[in-house]
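Each chain, letter by letter, is given below.
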Amino acid sequence: SFCPTNTQSMKQAPSDSRPISPSAQAFLDHLGLPLVHPLCDNDDGNSDINVVHEELSYVGHGVFEVPGAVLNTANINTTLQHTTQQQSPPQLNIPPPIIGPISSLDLHDGSIYQLLLTATTMTAPTLAMGELWVRLFAFFLGPLCLAWVIHHEIRSSLMIGRTNCDDNKMDVELDDKGFVGDYKTMAIHVIGVACSAVLFTDSLYVYEYGRTFGFSLFVVSCILAIRCGCELTMKNQRIQHDNNSQRGGISRQNTTLYWGAILSLISTTIIVYLRSDGGHSLEATIGRFLPIMTNQVSAETATIDKSDSNYNPLTHLSDPGIDLPTIDEGLYYSPSNALVSAIASHWPESSRTYSVDNGATPYLINGDQRTGIPFLVNKVEDQEYIRVFVQNPYDEEYLALDIAFPFAGYETIMKTNDKGENVFVHDSDKPVYLVLHGLNGGSHEEYVKDFVKRRRSEGSTVVVLIARGMMDTTVRGWNVFHGARTGDVDIASRALVRGLDSLVTAQERPRRQILVGVGYSMGAIILSNYVARSGSYCALDAAMAVSGGLDMRQNLNFKRSMRLWQPMLTFGLREDILIGKYARHYKHRLTRKQFTNMLRVTSVSHLDVEAIVNYNSFDNLLHYYSEMSSMGDRRAEFQLFDDESCATGEWGRIANVSVPFAVLQALDDPLVGWRTIGTEKPQELADSGSGNVMLLLTKAGGHVGW
């Protein structure tokens with residue numbers, strides 16, 4: 001349903017249902033957007049559809065929608081400009097299916113066997129979470145385990161030295177006290193070796209502390225673990241020789257398991273280390289002995305056609321291994337752009353440098369912790385929003401805008417009305433912010449609420465664009481969310497600009513307040529794409545992208561993110577949105593194999609292949625990521641594709657940015673890799689075009705962390 005359960009309360013005018021000042025009411029009036037979803041019937045049975053303003057009756061210049069959308073309307077603006085090579089004719093007047101969940105058995109066409117196969121993939125988020133927790137705390141567990149083992153060895157040695165009894169009595173005493181070969185000791189050895197292996201081979205830890213720390217810890221942990229295993233083996237041999245099965249100790253089977261765990265960890269660590277450069281050295285070594293296999297792989301790679309609809313870069317791009325940033329942290333901007341230079345000069349270094357001296361949390365020591373821990377522990381109180389709706393004329397879908405006004409007296413003491421309620425106001429001297437949230441997010445996300453709270457305390461009005469179909473919103477047709485669509489942010493931006501222009505005219509002020517776009521994660525990717533594609537037609541006055549890549553093709557071989565972080569994101573997105581709401585949409589458009597694969601994939605990238613690419617008629621995943629990225633129309637750098645050299649001098653649509661556009665990216669981001677910055681020459685990127693792009697790269701910060 002398009003209508004919330006509290007429809008009657010939503011239909012009330014805001015002045016009747018909320019303590020709102022004349023200034024905030026004037027902002028809403030000049031905005032001229034309905035407070036109730038236009039497809040909800042009023043009490044009199046008529047639809048509350050406002051007259052569409054002429055400025056909002058078309059899609060803006062350079063906007064990308066979908067290559068071959070299935071539409072349920074014939075009213076398509078013929079001047080719409082697609083930026084894709086594939087143009088399939090729209091299918092018109094096909095009624096969309098019912099929105100809502102489907103039973104698990106119906107998802108599998110009644111097959112219990114297929115349902116059980118799908119259920120096995122549900123362990124992926126659990127396994128990923130387990131490995132992630134190990135990596136989160138490896139820095140603390142590794143040294144602690146080593147310290148305990150050393151302490152254990154010292155105590156054992158001292159006790160042996162003080163013992164004047166015979167060997168049999170000594171063994172029994174040591175076993176009873178737990179000093180030699182007990183299960184706890186074995187477990188601590190295994191955990192210690194595993195954690196030290198993480199510190200030695202994990203790219204984020206190597207980036208923070210280098211190789212020496214992890215290598216030293218790993219070698220010492222392995223030596224002590226092997227020594228423990230040798231003692232267990234010798235002891236079992238003595239017990240077997242003495243034929244004394246009543247003596248205490250570790251069974252032979254458990255000793256074998258211990259050796260298997262330790263040797264597996266050591267061999268796996270060695271292999272991972274040898275593949276630190278992406279496996280090139282290892283493959284070269286193998287090629288010396290098995291040249292036939294190397295030549296066969298090279299021949300297969302050479303015949304790959306990236307324009308083929310069956311091309312999947314996830315299976316053809318190699319893992320970069322321990323991928324350490326080659327870009328320096330810092331603020332990159334163009335001195336030739338006076339406005340951007342003025343912004344940089346007024347930006348205190350202390351507030352754009354992430355370090356302990358400037359307030360960074362000292363005990364969060366890598367990108368995983370800086371991403372996950374703040375998300376778990378930082379909670380922000382719910383913010384109050386007034387929702388309005390705006391229509392995208394391309395497919396006539398309605399988009400929800402959640403508006404948060406500051407309270408009266410935000411500068412001094414909060415002012416209340418006669419009932420003791422805080423009063424909403426709109427300050428025409430402050431900037432207005434348009435926020436784009438992350439994947440499967442909304443105005444309720446903690447980082448969004450944090451931003452809204454801080455900006456409201458400064459007197460600004462904040463508008464959160466709810467991605468179509470997210471939160472409690474639905475779609476009326478077939479065009480569900482995908483990351484390459486920029487039409488929604490364009491129409492929302494122009495609706496706000498039209499309202500601000502109308503307001504400043506009515507107030508007879510010299511100029512309207514500025515409109516600033518702010519995007520997080522997926523919202524940052526979309527925002528970056530919009531300001532690049534729209535160029536001089538951009539409706540925003542400034543923009544800032546936080547933790548969103550400029551070239552998402554560079555994330556196609558970020559295997560670490562796919563293995564550790566993306567399974568959890570995939571599970572939530574699939575269960576809440578793809579299956580929870582739009583399962584019938586996808587089931588109608590996808591083949592049975594594609595739909596089944598969508599139910600079983602474990603990473604966002606693979607989900608994009610099976611769901612987004614196939615549903616929206618993109619050529620392949622590379623095509624989708626190219627259209628989604630602000631730098632997706634230029635040749636990929638970092639030798640992402642072996643047959644392409646680094647691009648120089650040709651910047652593509654990113655050079656068309658016409659407003660100050662700041663990109664905030666942490667080089668230790670565990671979800672969106674540092675290579676998604678799109679270039680190894682950030683200063684040249686900042687100088688491209690009119691010099692409106694600013695890059696603030698921090699060595700640490702994680703993903704929407706800091």
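For the structure, see preceding data.
Residues numbered from 1 in each chain as written. Predicted model: local features only at pLDDT ≥ 70, side-chain atom pairs only at ≥ 80, totals over all residues. Heavy atoms only, no water.

## Describing empty space enclosed by the protein
Under the definition given, this model contains seven cavities of 30 Å³ or more. Considering only enclosed or pocket space, the largest cavity measures out at about 180 Å³ in volume. As for the largest cavity, its lining consists of 18 residues, and the residues nearest its centre are Leu436, Leu465, Ala467, Phe481 and Ile526. Contributing elements (two or more residues each) for the lining of the largest cavity: strand S5 (461–466), helix H17 (487–507) and helix H18 (522–534). When residues in the lining of the largest cavity are grouped by element, the largest group, three residues, is from H18. When the residues that make up the lining of the largest cavity are grouped by side-chain class, the tally is ten nonpolar, five polar and three charged. (1 Å grid on protein atoms, 1.4 Å probe; cavity = no way out; pocket = protein on both sides within 12 Å on 5 of 7 lines; lining within 4 Å. Points joined across faces, edges and corners; volume = space filled by probe spheres on them. Helix = DSSP H or I, 4+ residues; strand = E, 2+ residues; numbered from the N terminus. Nonpolar A, V, L, I, M, F, W, Y, C, P; charged D, E, K, R; others polar.)

## Focus on the side chain of Ser341
Mapped onto the fold, Ser341 is located in helix H14 (residues 338–345). Looking at Ser341, the relative accessible area reads 18%, which means it is buried. (Buried < 20%, exposed > 50% of the residue type's maximum accessible area, 1.4 Å probe, protein only.)

## Focus on the packing of helix H20 (residues 566–578) against helix H23 (residues 604–615)
It is the contact of H20 with H23, at a shortest axis distance of 8 Å, that shows an interaxial angle of 40°. Side by side, H20 and H23 meet where Gln566, Leu569, Thr570, Leu573 and Leu578 of the first sit next to Val604, Ser605, Leu607 and Ala611 of the second. Among the residues making up the contact of H20 with H23, the classes are represented as six nonpolar, three polar and no charged. (Axes fitted to C-alpha atoms, helices over the stretch in contact; angles between N-to-C directions. Contact = heavy atoms within 4.5 Å.)

## Some details on H20
Given a rise of 1.5 Å per residue, 13 residues ought to cover 18 Å, yet the end C-alpha atoms of H20 are separated by just 16 Å, more than 12% below that figure. Turning to H20, its buried residues are Gln566, Pro567, Thr570, Gly572, Leu573, Arg574, Ile577 and Leu578. (Expected span 1.5 Å × (residues − 1).)

## Quick notes on the packing of helix H3 (residues 22–31) against H17
The geometry of H3 relative to H17 is characterised by a closest axis approach of 8 Å and an angle of 120° between their N-to-C directions. On the basis of their axis angle, the class for H3 and H17 is oblique. Crossing handedness for the pair H3 and H17: right-handed. Together, Ala26, Phe27, His30 and Leu31 of H3 and Ala495, Leu496, Arg498, Gly499, Leu500, Ser502, Leu503 and Ala506 of H17 make up the contact between the two elements. Each residue belonging to the contact of H3 with H17 can be placed in one class, and the counts come to eight nonpolar, three polar and one charged. (Parallel < 35°, antiparallel > 145°, perpendicular 65-115°, else oblique. Left-handed = near helix turned anticlockwise from the far one by under 90°.)

## Some words on the pairing of strand S9 (residues 693–698)
The buried fraction of S9 amounts to six of the six residues, a majority that puts the element mostly inside the structure. Neither face of S9 is exposed, since Val693, Leu695 and Leu697 on one face and Met694, Leu696 and Thr698 on the opposite face are all buried. Sheet topology places strand S1 (residues 330–332) next to S9; three bridges connect them, and they run antiparallel. Its bridge partner being in S9, Leu331 is matched across the sheet by Leu696. Pairing between strand S8 (residues 661–666) and S9: six bridges, direction parallel. Considered in S9, the bridge of Ala662 is made with Met694. In terms of handedness, the path from S8 via helix H25 (residues 682–687) over to S9 forms a crossover that is right-handed. (Pairing = 2+ DSSP bridges. Right-handed = clockwise from strand over helix to strand, strands pointing away.)

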